[in-house]
Amino acid sequence: WLGEAVMAAGYPLMEVLGGDLKVTTGNISGLTGGMGDVSRFQFTAPIGSGSSGGAIIDEAGNLIGITSASLAHQNMRDRGSISENVNFGVKASLVFEMVAAAGRQLPQTAIQSDTDRREVTNRLRDSVVSIMVSC
């Protein structure tokens, strides 16, 4: 929901920041993505290059989306604006539909309600992995 606190987890800028999991906090700042795309939402947790595909979770660690993009800073500067933490995620409901359409099943897990940040972060460490692609 709009204003909900979220955490983004991923592996941004590994060559600069190292290969361990990074977790940032923010909130849902828009219920749609760019140009009103209803399959995405906007969030403010800072992300960097390499964050795409990382989990976006609520305070209890429930998946609400997958990081997909950040507003291009240069594009905004060319318009005379500055953008800060304008990021987009694919809604989890769409991810679940895509998995089902591929004929796959996700493991059944109970909705989490424990909001202890340390516990939530420990669960993230078991759930988010880095995938390196070399050509």
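### Considerations on the sheet that holds strand 5 (residues 63-70)
Alright, step 1. Pairing is antiparallel around the closed barrel formed by 6 strands, whose spatial order is 1-2-3-6-5-4. Shown here is a sheet whose adjacent strand axes are inclined to one another by a mean of 45°, direction ignored.
Alright, step 2. Relative to strand 5, strand 4 (residues 55-58) runs antiparallel, the two sharing 3 bridges. Note on strand 5: the bridge partner recorded for I56 is G65.
Alright, step 3. Seen against the sheet, helix 3 (residues 92-101) touches strand 5 and strand 6 (87-91) and runs at an angle of roughly 45° to strand 6.

### Side note on the environment of V90
Alright, step 1. By the secondary structure assignment, V90 is in strand 6.
Alright, step 2. Exposure remark for V90: the relative accessible area of 14% places this residue in the buried category.
Alright, step 3. Spatially, the C-alpha atom of V90 lies 5.3 Å from that of G65, the residues being 25 residues apart in sequence.
Alright, step 4. For V90, the residues in contact, after removing those within four places along its chain, are S39, R40, F41, I64, G65, I66, S68 and V95.

### Details of the pairing of strand 5
Alright, step 1. Counting the residues that bridge the hairpin from strand 4 to strand 5 gives 4 residues, and of these G61 lies at a positive phi of roughly 95°.
Alright, step 2. Pairing analysis gives 5 bridges linking strand 5 to strand 6, with the strands arranged antiparallel. Each bridged residue has a counterpart across the sheet, and for T67 the counterpart in strand 6 is G89.

### What to know about the side chain of T121
Alright, step 1. For T121, the location among the structural elements is in helix 4 (residues 117-127).
Alright, step 2. Look at T121 and you get buried, because its relative accessible area is 17%.
Alright, step 3. Separated by 2.8 Å, the side chain of T121 and the backbone oxygen of R117 make a polar contact.
Alright, step 4. Once residues lying within four places of it in the same chain are set aside, the contact partners of T121 are M7 and V23.

### Notes on the environment of E84
Alright, step 1. Among the secondary structure elements, E84 is positioned in the loop between helix 2 (73-78) and strand 6.
Alright, step 2. For E84, a relative accessible area of 58% puts it in the exposed group.
Alright, step 3. Once the C-alpha coordinates of E84 and M7 are considered, the two residues, 77 residues apart in sequence, prove to be 16 Å apart.

### Section: the layout of surface pockets
Alright, step 1. Of the volumes computed, that of the largest pocket is approximately 1100 Å³.
Alright, step 2. Of all the secondary-structure elements, those providing two or more residues to the lining of the largest pocket are helix 1 (14-17), strand 4, strand 5, helix 3 and helix 4.
Alright, step 3. Of the residues assigned to the lining of the largest pocket, the class counts are 20 nonpolar, 13 polar and 2 charged.
Alright, step 4. Taken together, W1, E4, I28, L31, F41, L63, I64, K91, A92 and S93 make up the full set of residues lining the second largest pocket.
Alright, step 5. Taken together, the elements giving at least two residues each to the lining of the second largest pocket come down to strand 5 and helix 3.
Alright, step 6. Its residues assigned to classes, the lining of the second largest pocket shows 7 nonpolar, 1 polar and 2 charged.

Cut-offs and rules
- Residues numbered from 1 in each chain as written.
- Predicted model: local features only at pLDDT ≥ 70, side-chain atom pairs only at ≥ 80, totals over all residues.
- Heavy atoms only, no water.
- Pairing = 2+ DSSP bridges.
- Helix = DSSP H or I, 4+ residues; strand = E, 2+ residues; numbered from the N terminus.
- Axes fitted to C-alpha atoms, helices over the stretch in contact; angles between N-to-C directions.
- Contact = heavy atoms within 4.5 Å.
- Buried < 20%, exposed > 50% of the residue type's maximum accessible area, 1.4 Å probe, protein only.
- Polar contact = N/O pair within 3.5 Å; in protein donor to acceptor, adjacent residues only side chain to side chain.
- 1 Å grid on protein atoms, 1.4 Å probe; cavity = no way out; pocket = protein on both sides within 12 Å on 5 of 7 lines; lining within 4 Å.
- Points joined across faces, edges and corners; volume = space filled by probe spheres on them.
- Nonpolar A, V, L, I, M, F, W, Y, C, P; charged D, E, K, R; others polar.

Honestly, that's just the spatial picture; any functional story needs more than this.
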